[in-house]
Structures are given as structure tokens and as C-alpha cells.
Amino acid sequence: MSRPVLEVADILRDHGSAWRRANAGHVSLDQLKVMSAIERCRTAALGGHVARCEDCAYTVIAYNSCRNRHCPKCQAAAAKQWLAEREAELLPVGYFHVVFTLPGPIADIAYQNKAVIYDLMLRASAETVLTIAADPKHLGARIGITAVLHTWGSAMTHHPHVHMIVPGGGISLDGRRWLSCRPSFLLPVPVLSRLFRGRVLQKLRAAHKANQLQFFGRHAHLAKPKAFAAYLAPLRKIEWYLYSKPPFGGPEAVLAYLSRYTHRVAISNRRLIAFNNNGVTFSYKDYRADGRARYKRMTLATDEFIRRFLIHVLPHGFHRIRHYGLFANGNRAANIARARELLAVPSRTKEPETAEATTTDEPRALPRPCPCCGGRLIIIETFARGCEPKHRPTPAPVTIRIDTS
């Protein structure tokens, strides 16, 4: 896959220093670290290695990645590795996509209390699905959930929501049977929505009582219990948005779908169109429109583009991909093995590594082939951070244009 012409890193390298000076004192340490990581990603500042084709001697320099989870360039490899680990856990059943969204007033205070409210949103959504699924009036089973937190809309505005991938069934409460849901119906959306609303409001009140929430600016008055209760009161009477999509085509389709959500960042490099004196132009989806009218372009001042990108930096140590129920980390392997036994299908295990794959005498090679002949690119030199390699890359071919006009 070719490198995008424009990247978020280009914008930060060009404008990041000025933005930091203009916003000194208003930028968190986590945001500063993300900026620094993206600016240095795949540059000499992080070191790297030189690889040469064993067939045609084509030589290329590959700089190290920053591996920051907010970096648009580093997420493809991270997603690939994560998906490979999940492949053996897939069950041969239909999977549903369920989305939980916070209403605007709570999203507003979530921006000032990211760690607390994002966490309670993930827990409340998982508890909601697990509770309704376990109810004998609905499914009466223990189910598994993979949940992913996203905090952005397509235009990089603050829009916290949880994407869930849920298998269409679960293990009966007595552990003896696999109970499947109806072909195109997981659980009743109105029931899920009301329980989710109740769980979130309950957890918000508990967090406020425990002094875990902070309020600034126009929300400063919410530090008072009566003001906070009045702020939440109207939210009890409205319907909260919840979306449930019919199941995917099969396990492979689930993996492909997960890859689009698990390691996504606020904006991908491929959505960037232009960066100039007018600002940054990028593509986005307007979900209020249909068909081709949904795909639009937006231009933001560079300062505003950077601000929107950085509001989605998560608190240090916050886990935005979580597993619940049958997929909870403690007993996941045993639960999946039991589910596959009840479904009468063999376990999916990883192939053991061969001796050839584990030998230390085999030269290290890049995962991609030589762009000239398709041969293996063998690493011939490794260089440290801030250093330049001794070997030089093969020059790019010169294209001569002849004017025939």
C-alpha cells in the first residue's frame, strides 16, 4: 500500500511548535507526548534499519515506528497483530454490532472527566447487555462482548460512543447448552436503551458523591449536588440512542469488521486532502445525508485541526478495548473452549512454529517484498536513535518528461 501524500505527522512537524507555544499551559502531558511521538515516527530520531534485496541489491532505509496508539501510521500493524490473536477465539455463529452513545449533556462533562466517565460508560454498556441477555425472558444465557471506545465523530468533534461485537448466543445459565438468539435479532433495543440510561445515571451520581468528577468553566456550578441532580433530571425522560445491526456473514467478516474499529484513531492519513495557508482539508461523512451526499469535505484552521485531533488523546493507562462476559480475560480460554464444545465444533488453535521459523541463524527480513523484483529484503544494518545509517538507499528512478506540444 502506497504512502499517503499528506500525513498528520506533516501537519504537526510544520505547525506543532507554534501550536504548543500558543497553547502553553492548556495542553496535557499526555497530549504533548502524543504530538512528540507522531512528529518523530519513522524518522532518524527513532533509529531504524537498512534492508537490501537478496536478488537485485535494491536498498531501502526503514525508520522505526513510534508505536503510539494515537498515531495514524502505527495502528495498521497493531490491529493486524491483535486480530491474529483473536482469530482462534471466534465462534461459528452470527455476530451483532451494537453501539451505545452518550447524550450531549453527559458528553460535555465527559470531556472534563475522561477517565471516570469513559470507564463508567464502558462498564454500564457491558452490564446492560450481560444483564438483559441473562434474563430468561430474553435469552437466558451468558454471552461474550468485545467493546471498543471511540470518542470522535467523523469531523473529529467530541462524540463518545462504544462499539460492541457480540456473538448471537451464549452458554445457558446452567452451563449445559448453547442458546442461540433469533437469526436477525439479538436483544430488544428499547429495553437495552432504558437499562443503559439507568446504569449510567446511577454511576454518575455515585461518582459525583465520591468527589470523582471535576467541573470547569460553564459547568463549574455542577460541583454542587443539587445543581448536578437538576442537570441530570431531564436526561431520565428522553430516549438514549442505541443501535443494533444484524449479524455479519461469518467469522472472517467479523475479523474484517473488527479491524476497522479496534485500532482506529480520530482521523486516518488517507482522509487528509490538503494542507496550506487556508488550513487543513479532509473528507468526512455527514450521517444526516444519504447516498453520495453523505461524503463531504471540510477545511479547518490548522490550530483548530490540531486541537480537535488532540481532544481524543486518552488518559495514560486507559484501556479502550475491553472484553466482558465469556470473553473476560480471566476465564476466556475455558469459556471459549466450552462454547465450541457445546456448538460441536473443533477448537481453533494456532499452528506451532516450525524449526525453520524459530532458528536464530536465519537472516532478519522485512515483511514486505522488494518493490523492484519481489525478492526478500534482508536487514543488513541497524542504527540507533538520532543516528544516520552507513548505507545509502537506492535512488528513485528519474522520470524524464518530453514536451511534444
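In what follows, the structure referred to is the one given above.
Keep in mind that what you see is a predicted model, and the values were worked out from it rather than measured.

Draft legend 1. Spotlight on the overall build of the protein chain. Looking only at helices and strands, the protein chain features eleven helices and 14 strands. Over its C-alpha atoms, taken along the principal directions, the protein chain stretches across nearly 70 × 60 × 50 Å. Counting the 405 residues in the protein chain, one finds 46% classified as buried. Contacts in the protein chain between residues at least 24 apart in sequence constitute 71% of all its contacts with a sequence separation of at least 6. For the protein chain, the accessible area works out to roughly 22,100 Å², and carbon and sulfur atoms hold 53% of it. Across the protein chain, 58 positive and 30 negative side-chain charges occur, with their mean positions spaced 9 Å apart.

Draft legend 2. A look at the sheet that holds strand 10 (residues 272–276). Pairing is antiparallel in the open sheet, where three strands are placed in the order 10-11-12. Both edges of this open sheet fall to strand 10 and strand 12 (295–300), since each of them pairs with a single strand only. Taking the axes of each pair of neighbouring strands and ignoring which way they run, one obtains an average angle of 20 degrees across the sheet. In the packing of helix 9 (residues 302–310) onto the sheet, the strands contacted are strand 10, strand 11 (279–285) and strand 12, and the crossing angle to strand 12 comes to about 110 degrees.

Draft legend 3. View of the nonpolar core. With 48 residues, the main nonpolar core has Ile-106, Ile-117, Met-164, Val-200 and Leu-204 as its most contacted residues. Elements that contribute at least two residues to this core include exactly strand 3 (95–101), helix 4 (104–110), helix 5 (114–134), strand 5 (144–152), strand 6 (158–167), helix 6 (189–209) and helix 7 (225–232). Among all residues touching Ile-117, those that are not within four sequence positions of it are Leu-102, Ile-106, Ile-109, Ala-110, Leu-204 and Leu-213. Core analysis: the second largest hydrophobic core is formed by 32 residues, Ala-9, Ile-38, Cys-74 and Ile-267 among them.

Draft legend 4. Highlighting the pattern of salt bridges. Scanning all chains against the criterion turns up 15 salt bridges. With a closest N to O distance of 2.8 Å, Arg-199 and Glu-127 form a salt bridge. Of the two residues, Arg-199 is situated in helix 6 and Glu-127 in helix 5; the sequence distance between them amounts to 72 residues. Residues joined in a network through salt bridges with shared partners are Asp-119, Arg-123 and Arg-322.

Draft legend 5. Structural view of the side chain of Asn-68. Tracing the chain through its elements places Asn-68 in the loop between strand 2 (59–63) and helix 3 (75–87). With a relative accessible area of 18%, Asn-68 lands in the buried category. A polar contact is formed between the side chain of Asn-68 and the backbone nitrogen of His-70, at a distance of 2.9 Å. When near neighbours in sequence (up to four residues on either side) are disregarded, Asn-68 contacts Val-34, Ala-37, Cys-74 and Gln-75.

Draft legend 6. Summary view of the packing of helix 6 against helix 7. Viewed as axis vectors pointing N to C, helix 6 and helix 7 meet at an angle of 165 degrees, and their least axial separation amounts to 11 Å. Accordingly, the angle class assigned to the pair helix 6 and helix 7 is roughly antiparallel. Between helix 6 and helix 7 lies a crossing whose hand is right-handed. Contacts from Leu-201, Leu-204, Arg-205 and His-208 in helix 6 reach Pro-225, Phe-228 and Leu-232 in helix 7. Counted by class, the contact of helix 6 with helix 7 contains five nonpolar, one polar and one charged residues.

Draft legend 7. Spatial organisation of the sheet that holds strand 1 (residues 48–53). Taken in spatial order, the three strands line up as 2-1-14 in an open sheet, and their pairing is antiparallel. Looking along the sheet, the strands with just one partner apiece sit at the ends: strand 2 and strand 14 (377–383). Between one strand and the next, the sheet's axes are offset by a mean angle of 25 degrees, whatever the strand orientation.

Draft legend 8. Just the packing of aromatic side chains, in detail. Taken as a whole and judged by the stated rule, the model has six aromatic pairs. Plain terms: the ring middles of Phe-215 and Phe-228 are 5.8 Å apart, the flat faces sit at 50 degrees to each other, and that makes the pair tilted. Of the two residues, Phe-215 is situated in the loop between helix 6 and helix 7 and Phe-228 in helix 7; the sequence distance between them amounts to 13 residues. Owing to a relative accessible area of 3%, Phe-228 belongs among the buried residues under this scheme. Of the aromatic side chains, those joined through ring pairs into one cluster are Phe-100, Phe-196 and Trp-240. Above the plane of the ring of Phe-318 lies Arg-322, whose end atom (NZ or CZ) is 4.9 Å from the centre.

Draft legend 9. How the structure looks around the packing of helix 2 (residues 29–40) against helix 9. Two numbers describe how helix 2 lies on helix 9: the axes approach to 11 Å, and their chain directions differ by 110 degrees. One element, helix 2, and the other, helix 9, form an angle in the roughly perpendicular class. Of the two elements, helix 2 crosses helix 9, and the hand of that crossing is right-handed. Where helix 2 approaches helix 9, its residues Gln-31, Val-34, Met-35 and Ile-38 are matched on the opposing element by Ile-306, Phe-309 and Leu-310. Looking at the contact of helix 2 with helix 9 residue by residue, the classes come out as six nonpolar, one polar and no charged.

Rules behind the numbers
Position labels on residues start from 1 in each chain and follow its written sequence. This being a predicted model, a pLDDT of at least 70 is required before a residue's local features are given, and a value of 80 or more before pairs of side-chain atoms are given or counted; all residues contribute to the totals for chains, interfaces and linings. Water and hydrogen atoms play no part in the side-chain values, which are based on all heavy atoms of the structure. Every helix listed is a DSSP run of H or I at least four residues long, and every strand listed is a run of E at least two residues long, numbered separately from the N terminus. The buried label goes to any residue with under 20% of its type's maximum accessible area, the exposed label to any with over 50%, and the partly exposed label to all in between, with areas taken from a 1.4 Å probe on protein chains only. Every residue pair with non-hydrogen atoms within 4.5 Å of one another is taken to be in contact. Shrake-Rupley sampling with a 1.4 Å probe provides the accessible areas, and residues are treated as covered by the protein chains on show and by no other component. Charge counting follows a simple rule: Lys and Arg are positive, Asp and Glu are negative, and His as well as the terminal groups are ignored. Just so you know, the charge point we use is NZ for Lys, CZ for Arg, CG for Asp and CD for Glu. Two strands qualify as a pair provided DSSP detects at least 2 bridges between them. Between the N-to-C directions of two axes lies an angle of 0 to 180 degrees, each axis being a line fitted to C-alpha atoms and, for a helix, fitted only over the stretch in contact. Side-chain atoms within 4.5 Å are what join buried Ala, Val, Leu, Ile, Met, Phe, Trp, Tyr and Cys residues into a set we call a nonpolar core. Salt bridge, as applied in this entry: a Lys or Arg side-chain nitrogen positioned within 4 Å of an Asp or Glu carboxyl oxygen. Throughout this description, a polar contact denotes any pair of N or O atoms lying within 3.5 Å of each other; where both atoms belong to protein, one of them has to be capable of donating a hydrogen while the other can accept it, and for residues adjacent in sequence the pair is counted only when both atoms sit in side chains. By the definition adopted for this analysis, an angle is roughly parallel if under 35 degrees, roughly antiparallel if over 145, roughly perpendicular if from 65 to 115, and oblique otherwise. In a left-handed crossing the near helix is turned counterclockwise from the far helix by less than a right angle, and in a right-handed crossing that turn is clockwise. Classification used: nonpolar for Ala, Val, Leu, Ile, Met, Phe, Trp, Tyr, Cys and Pro, charged for Asp, Glu, Lys and Arg, polar for all others including Gly. Here a pair means two rings of Phe, Tyr or Trp (six-membered ring of Trp) with centres within 6.5 Å. Their orientation is stacked below 30 degrees between planes, edge-to-face above 60, and tilted elsewhere. Distance and angle both matter: a charge sits over a ring if NZ of Lys or CZ of Arg is within 6 Å of the ring centre and within 35 degrees of the ring normal.

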